[in-house]
Amino acid sequence: MFRFPVVLVPVLAALVVLPSCQTLRFYAQAVSGQAEVLRKSRPNEQVRADPASRPALREQLAAVEEIRRFASDHLSLPGDASYGKYADLGRKHVVWVLYAAPEFSLKAKTWHYPAVGKMDYRGYFREQDTVALSGQLRGDGYDVFVGGVDAYSTLGWFHDPVLNTFVNYPDIDLAETIFHELTHRKVFRRGETVFNESLANTVAEEGVKRWLRHEGRLADLSKYEQRLVRRREFYQEIDSSRWNLEKLYASGQSAPAMRREKVAILAKLRAQFRELQRRWGGRGLESWLTEDINNGHIVSLKIYAAQMPAFENLLKQCEGNLDLFFEKAAHLKLPKQ
């Protein structure tokens, strides 16, 4: 139900700077990882015509072509600029991303990338690199969350391909992913992670609803709208816990006292997730019920949803006109998160 969010990974920064000794390994793996993606990419038509290609893969790539066309024709997105090729990387995730925050703060640790500015996460093409950094940051007293990611955008520096890491998604999730990433290519603000991800999520959700309506899939549209209601309920629980944590961290209590109350707040959040799963039925929140939730988890979700209400309101003000929406969104002033 709640797949780890797709993100924009700043690998392109590696291509425009001469890295210092301290960041040499990061940039080296970034260049190597992006080169692998490009090297393994083949045109979708070629993959679909290959007798060795699985029938299911051919069907999914055909669906991608329809989604790309809809993005260009109906969503004012550059659907003809990406996802025309396919790459099988031979692994479950394309990158692994790390989020970190101090033990008693929800201010995300940031990293600076010359091409894209400050961002609230660090991404690696090799899982072991992320694990190594997470150990270092935990040793420095940070709460850390690491997750595998299936898709990212290079902002038009390259024509991003479809990857084996997400090609087998159900078509609604596939469309949501593609619309999200194409939005980064359409509008991107340097150094404003929350703005960029909240905008992309808003457009992705609106795009899927329009796509399903256009295809006449009204039953699927109804189910998707129910999913969005559940998604909002999930984020409401996160926001409630975030508010309680921020109040706690600003209270000036001793570290031991804050530590005890923090454990209680996060335990209550897990209990609320358990109640949501019971009420919804089925599956979808397993990782949130088994992992030790910390500030890193809260920060990772804040990035993707904190400014969505502002963009949803803007879309209503534009009466659904996406050309006008994108024009206004590019200049929209929002409070810093």
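All figures in this text were calculated on a predicted structure; none of them were measured in a lab.

1. Overview of the pairing of strand E7 (residues 142–149)
Reasoning step 1: Taking burial as the measure, the eight residues of E7 include six buried ones, the bulk of the element.
Reasoning step 2: Pairing of strand E3 (residues 95–102) with E7 involves eight bridges; the strand directions are antiparallel. Among the inter-strand pairings, Val95 is bridged to a residue of E7, identified as Val149.

2. Describing the sheet that holds strand E6 (residues 122–124)
Pairing between the strands of a sheet is mediated by backbone hydrogen bonds and can be parallel or antiparallel.
Reasoning step 1: Ordered in space as E6-E3-E7, the three strands form an open sheet in which the pairing is antiparallel. Taken across any chain shown, the strands that pair with only one partner, and hence form the sheet edges, are E6 and E7. If you compare each strand with its neighbour and ignore which way they point, the axes differ by 20 degrees on average.
Reasoning step 2: As judged from the three bridges shared by E3 and E6, these two strands associate in the antiparallel manner. Along E6, the bridge assignment pairs Trp96 with Tyr124.
Reasoning step 3: On top of the sheet, helix H4 (residues 127–139) reaches E3, E6 and E7; it is set at about 10 degrees to E3, its chief contact.

3. Notes on empty space enclosed by the protein
Reasoning step 1: One pass over the full model with this rule turns up one cavity of 30 Å³ or more.
Reasoning step 2: Taken as a whole, the largest cavity spans an internal volume of roughly 60 Å³.
Reasoning step 3: As for the largest cavity, its lining consists of Gln34, Val37, Tyr83, Ala151, Tyr152, Asp160, Pro161, Leu163 and Phe166.
Reasoning step 4: The class makeup of the residues in the lining of the largest cavity is seven nonpolar, one polar and one charged.

4. Quick look at the packing of helix H7 (residues 218–249) against helix H10 (residues 295–305)
Reasoning step 1: Between H7 and H10, the least distance of the axes is 10 Å, while the angle of their chain directions is 125 degrees. In terms of their interaxial angle, H7 and H10 are classed as oblique. As H7 packs across H10, the resulting crossing turns out to be left-handed. On the side of H7, the interface is formed by Phe234, Tyr235, Ile238, Arg242, Leu245 and Tyr249, while H10 contributes Asn295, Ile298, Leu301, Lys302, Tyr304 and Ala305.
Reasoning step 2: Broken down by class, the residue content of the contact of H7 with H10 amounts to nine nonpolar, one polar and two charged.

5. Some details on the packing of aromatic side chains
Reasoning step 1: In this structure the tally under the stated criterion is 13 aromatic pairs.
Reasoning step 2: Between Phe166 and Tyr169 the ring centres are 6.2 Å apart and the planes differ by 50 degrees, which places this aromatic pair in the tilted class.
Reasoning step 3: Through successive ring pairs, a cluster of aromatic residues spans Phe26, Tyr27 and Tyr124.
Reasoning step 4: The positively charged end of Lys109 is found above the aromatic ring belonging to Trp111, 5.3 Å away from the centroid.
Reasoning step 5: A cation sits over an aromatic face here: Arg122 above Phe26, 3.6 Å from the ring centre.

6. Observations regarding helix H11 (residues 308–317)
What sets the pattern is the α-helix's 3.6 residues per turn: residues three or four places apart point alike.
Reasoning step 1: Taken as a whole, H11 has its buried residues at Met308, Phe311, Leu314 and Leu315. One side of H11 carries all its buried residues, which in axial view fall inside an arc of 120 degrees. H11 presents Lys316 and Gln317 as exposed residues on the side facing more than 90 degrees away from its buried surface.
Reasoning step 2: If you follow the buried residues of H11, they end up packed against helix H6 (193–214), H7, H10 and helix H12 (322–329).
Reasoning step 3: Phi for Glu319, located one or two positions after H11, is positive at around 50 degrees.

7. Section: the pattern of salt bridges
Reasoning step 1: The tally for this structure, following the rule as stated, stands at 21 salt bridges.
Reasoning step 2: Note that Glu205 is salt-bridged to Arg231, the shortest N-O span being 2.8 Å. With Glu205 in helix H6 and Arg231 in helix H7, the pair connects residues that are 26 residues apart, well separated along the chain. Accessibility assignment for this pair places Glu205 and Arg231 in one class, buried.
Reasoning step 3: Arg217 is the salt-bridge partner of Asp220, the closest N and O atoms lying 2.9 Å from each other.
Reasoning step 4: Residue class for Asp220 comes out partly exposed when judged on its relative accessible area of 26%.

8. Quick look at the environment of Leu228
Reasoning step 1: Summarising the element assignment, Leu228 is placed in helix H7.
Reasoning step 2: Of the residues examined, Leu228 reaches a relative accessible area of 8% and is grouped as buried.
Reasoning step 3: Leu228 sits 23 residues away from Glu205 along the chain, and the two C-alpha atoms are 8.2 Å apart.
Reasoning step 4: Those residues in contact with Leu228 that lie beyond four places of it in its chain are Glu205 and Lys209.

Scoring rules and cut-offs
- Residues numbered from 1 in each chain as written.
- Predicted model: local features only at pLDDT ≥ 70, side-chain atom pairs only at ≥ 80, totals over all residues.
- Heavy atoms only, no water.
- Buried < 20%, exposed > 50% of the residue type's maximum accessible area, 1.4 Å probe, protein only.
- Helix = DSSP H or I, 4+ residues; strand = E, 2+ residues; numbered from the N terminus.
- Pairing = 2+ DSSP bridges.
- Axes fitted to C-alpha atoms, helices over the stretch in contact; angles between N-to-C directions.
- Contact = heavy atoms within 4.5 Å.
- 1 Å grid on protein atoms, 1.4 Å probe; cavity = no way out; pocket = protein on both sides within 12 Å on 5 of 7 lines; lining within 4 Å.
- Points joined across faces, edges and corners; volume = space filled by probe spheres on them.
- Nonpolar A, V, L, I, M, F, W, Y, C, P; charged D, E, K, R; others polar.
- Parallel < 35°, antiparallel > 145°, perpendicular 65-115°, else oblique.
- Left-handed = near helix turned anticlockwise from the far one by under 90°.
- Phe/Tyr/Trp six-rings, centres within 6.5 Å; stacked < 30°, edge-to-face > 60°.
- Lys NZ or Arg CZ within 6 Å of the ring centre and 35° of its normal.
- Arc of directions from axis to C-beta.
- Salt bridge = Lys/Arg side-chain N within 4 Å of Asp/Glu carboxyl O.

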